[in-house]
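Examination of the molecular architecture
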Amino acid sequence: MNKLYETYIKKEALPTLFCSGCGNGIVQVAAMEAMEKLGCKDEVACVSGIGCSSWIPCYYKLDVLHGMHGRALPFAEGLKLARPDKKILVFTGDGDCAAIGGNHLIHAAARNIDLTVIMVNNYIYGMTGGQKSPTTPKGSVTKTSPWGSMDEPIDAVKLVMVLGATYVARWTTAHPAQLAKSMAEGMKHEGFSFIEVLSQCPVQAGKSLWKEKDSYRIMETYKRMTKSCGSLEEAGEGKIPIGVFRHDNQREEYASKLKTVTRKQKG
Amino acid sequence: MEITIDKACCKGCGICLKACPKSVFGKSRKRNNYGTAMPEVKNAEKCMACGACERLCPDGAINVERKAKE
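Cut-offs used in this document
- Residues numbered from 1 in each chain as written.
- Chains lettered and ligands numbered in written order.
- Predicted model: local features only at pLDDT ≥ 70, side-chain atom pairs only at ≥ 80, totals over all residues.
- Heavy atoms only, no water.
- Helix = DSSP H or I, 4+ residues; strand = E, 2+ residues; numbered from the N terminus.
- Rg over C-alpha atoms; globule rule 2.2 N^0.38 Å.
- Buried < 20%, exposed > 50% of the residue type's maximum accessible area, 1.4 Å probe, protein only.
- Contact = heavy atoms within 4.5 Å.
- Areas by Shrake-Rupley, 256 points an atom, 1.4 Å probe, with all protein chains shown as cover.
- Lys, Arg positive; Asp, Glu negative; His and termini not counted.
- Charge placed at Lys NZ, Arg CZ, Asp CG, Glu CD.
- Phe/Tyr/Trp six-rings, centres within 6.5 Å; stacked < 30°, edge-to-face > 60°.
- Lys NZ or Arg CZ within 6 Å of the ring centre and 35° of its normal.
- Polar contact = N/O pair within 3.5 Å; in protein donor to acceptor, adjacent residues only side chain to side chain.
- Buried area = accessible area lost by both parts, 1.4 Å probe.
- Salt bridge = Lys/Arg side-chain N within 4 Å of Asp/Glu carboxyl O.
- Nonpolar A, V, L, I, M, F, W, Y, C, P; charged D, E, K, R; others polar.
- Patch = residues over 30% accessible without salt bridge, like charges linked within 9 Å, V, L, I, M, F, W, Y side chains within 5 Å.
- Pairing = 2+ DSSP bridges.
- Axes fitted to C-alpha atoms, helices over the stretch in contact; angles between N-to-C directions.
- Expected span 1.5 Å × (residues − 1).

So, about the overall build of chain B. When helices and strands are counted, chain B shows 2 helices and 4 strands. What you see in chain B, going N to C, is helices and strands ordered as β-α-β-β-α-β. Taken over the C-alpha trace, chain B has a radius of gyration of 11 Å; the compact-globule value for 70 residues is 11 Å, and the two agree within 12%. When the backbone C-alpha atoms are referred to their principal axes, chain B occupies close to 40 × 20 × 20 Å. Burial analysis of chain B (70 residues in total) assigns 44% to the buried set. Sequence separation of at least 24 residues holds for 52% of the intrachain contacts in chain B that already meet a minimum separation of 6. Surface summary for chain B: the accessible area is close to 3,900 Å², and the carbon and sulfur share equals 49%. The positive charge centre, built from 14 side chains, and the negative charge centre, built from 8, are 8 Å apart in chain B.

In structure tokens, the structure reads:
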């Protein structure tokens, strides 16, 4: 058993309910590595919504709030304002964060509130049986798009960058060391940190998008599809840029802003 | 180097077989608690303790104990 499991995982809840070869487990290990690196286990609280990826924090020996579908960010914002001393990790999926909770994502990013959002993007609604999600590539055949998806996929990284999130990164499950480093940076950073992780779903997305059920081959596809670079424009045609796109410490954080306002009001 | 694979955690996805740069793991006839095929440590002497298997195992089944050279 992984050494980090001793300190971070509730062993009585094992084995995890993820399918064989699911990328969520890799994200789980990377988040544990990041917490170990910072040594901040007692300061961390996790919030999640509904979906496969929202089960990631439920195995941690930490304060965990498993909320409603799409509403992970409102819960997390409330928790941050009530307990500004906590570092809050939010685990959501692509459907949870970009579809049902899209509005909350927009406002949380615009507020620049100190949260670390980890969006596990597997390009499909995995838990409910393989329906099209907002990030599903154009033209892919899924259960709810039998003639090929007609919608343009939403790029959540671009969206939060436009709105002014102050730490933005994207990695894949094939880059676990970089992902853990990014998570540690995001937790340390004061402001809205958004990390998108391209993850493999060998069962649902494997069947309809990648035509491949071997999870390592899907990870290799991710390696081929992506290019590590410092900005979104550098990647070139047909490649998905990965890396840290923004790390800005200048903008004021929402919880501290609120504190100064309330202090002024009280006199 | 001492590599152990937990029978209760492993789900037999086979990521470690391909992720290891030195092909330390190999297929075996052993079964895990799920009843799927479990990998086996075949070339432990080749291991360079890069930690790729530990990080990429989605179920945290692999542990690599790094030992000083004697």
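When you go through chain A residue by residue, the secondary structure sums to 10 helices and 10 strands. For 267 residues, the compact-globule formula gives about 18 Å, and the C-alpha radius of gyration of chain A, at 18 Å, lands near that figure. Judged by the C-alpha coordinates and their principal axes, chain A covers about 65 × 45 × 30 Å. In chain A, which comprises 267 residues, the share counted as buried stands at 55%. A separation threshold of at least 6 residues defines the contact pool for chain A, and within that pool the share at least 24 residues apart is 68%. Total accessible area on chain A stands at roughly 11,500 Å², and carbon and sulfur atoms take up 54% of it.

With that out of the way, let us pick up the packing of aromatic side chains. All names here are of chain A. Scanning all chains against the criterion turns up 5 aromatic pairs over all chains. Judged by centre distance (6.1 Å) and plane angle (70°), the rings of Phe 18 and Tyr 59 are edge-to-face. You can see Phe 18 sitting in the loop between α1 (3-8) and α2 (24-38) and its partner Tyr 59 sitting in the loop between β1 (44-48) and β2 (63-66), a full 41 residues away along the chain. An aromatic cluster is present here, built from Tyr 123, Trp 210 and Tyr 222 joined pairwise through their rings. Directly above the ring of Tyr 8 sits Lys 41, whose terminal nitrogen or CZ lies 5.9 Å from the centroid. Positioned above the aromatic ring of Tyr 254 is the side chain of Arg 111, whose terminal nitrogen or guanidinium carbon lies 5.8 Å from the ring centre.

With that settled, the discussion passes to the side chain of A:Gln200. Examined against the element boundaries, A:Gln200 turns out to sit in the loop between β8 (193-198) and α8 (204-210). Here the side chain of A:Gln200 touches A:Thr173 through a polar contact of 2.8 Å, side chain to side chain. Once residues within four sequence positions are removed from consideration, A:Gln200 is found in contact with A:Gly21, A:Cys22, A:Gly23, A:Ile26, A:Thr173, A:Ser215, A:Ile218, A:Met219, A:Tyr222 and B:Ile15.

Each partner contributes residues to the interface: chain B has 22 residues there, and chain A has 25 residues. Buried area between chain B and chain A, both sides added, is near 1,800 Å², and the carbon and sulfur share of it is 52%. The tally of links between chain B and chain A comes to 3 salt bridges. Between A:Asp214 and B:Lys18 there is a salt bridge; the shortest N-O distance is 2.2 Å. Inspection of the region where chain B meets chain A yields 13 residue pairs in polar contact (both at pLDDT 80 or more). Mapped onto the side of chain B that touches chain A, the elements with two or more residues apiece are α1 (15-19), α2 (52-56) and β4 (62-65) of chain B. Split into classes, the residues belonging to the side of chain B that touches chain A amount to 12 nonpolar, 3 polar and 7 charged.

Close approach of charged atoms allows side chains of opposite charge to pair. In this structure the tally under the stated criterion is 15 salt bridges over all chains. Where A:Lys11 meets A:Glu6, a salt bridge forms, and the shortest distance between an N and an O atom there is 3.0 Å. On the accessibility criterion, A:Glu6 (45% relative accessible area) is partly exposed. If you follow the salt bridges from partner to partner, you end up with A:Lys3, B:Glu54 and B:Arg66 in one network.

As a further point, take a nonpolar patch on the surface. Residues and elements named next belong to chain A. Among the surface-exposed residues, Leu 65, Met 68 and Phe 75 lie close enough to one another that they form a single nonpolar patch of about 250 Å² accessible area. Tracing the backbone through its elements, the reader meets Met 68 in the loop between β2 and α3 (72-82). Looking at Met 68, the relative accessible area reads 51%, which means it is exposed.

All names here are of chain A. Taking strand neighbours across the sheet as the criterion, the 8 strands line up as β2-β1-β3-β4-β8-β7-β10-β9 in an open arrangement whose pairing is mixed. The open sheet terminates on both sides in strands that have one partner only, identified here as β2 and β9 (226-228). Averaged over all pairs of adjacent strands, the angle between strand axes in this sheet comes to 20°, irrespective of strand direction. Pairing of β1 with strand β3 (residues 87-93), which is carried by 5 bridges, proceeds in the parallel orientation. Bridge assignment links Ala 45 to a residue of β3, and that residue is Ile 88.

Further remarks concern helix α10 (residues 254-266) of chain A. Residue and element names in this part refer to chain A. The terminal C-alpha atoms of α10, which comprises 13 residues, lie 18 Å apart, in line with the 18 Å expected from a rise of 1.5 Å per residue. Structurally, the start of α10 carries an N-cap: the backbone nitrogen of Ala 255 is 3.2 Å from a side-chain oxygen of Glu 253. Phi for Gly 267, located one or two positions after α10, is positive at around 90°.

No statement about biological role is implied by the geometric values presented.
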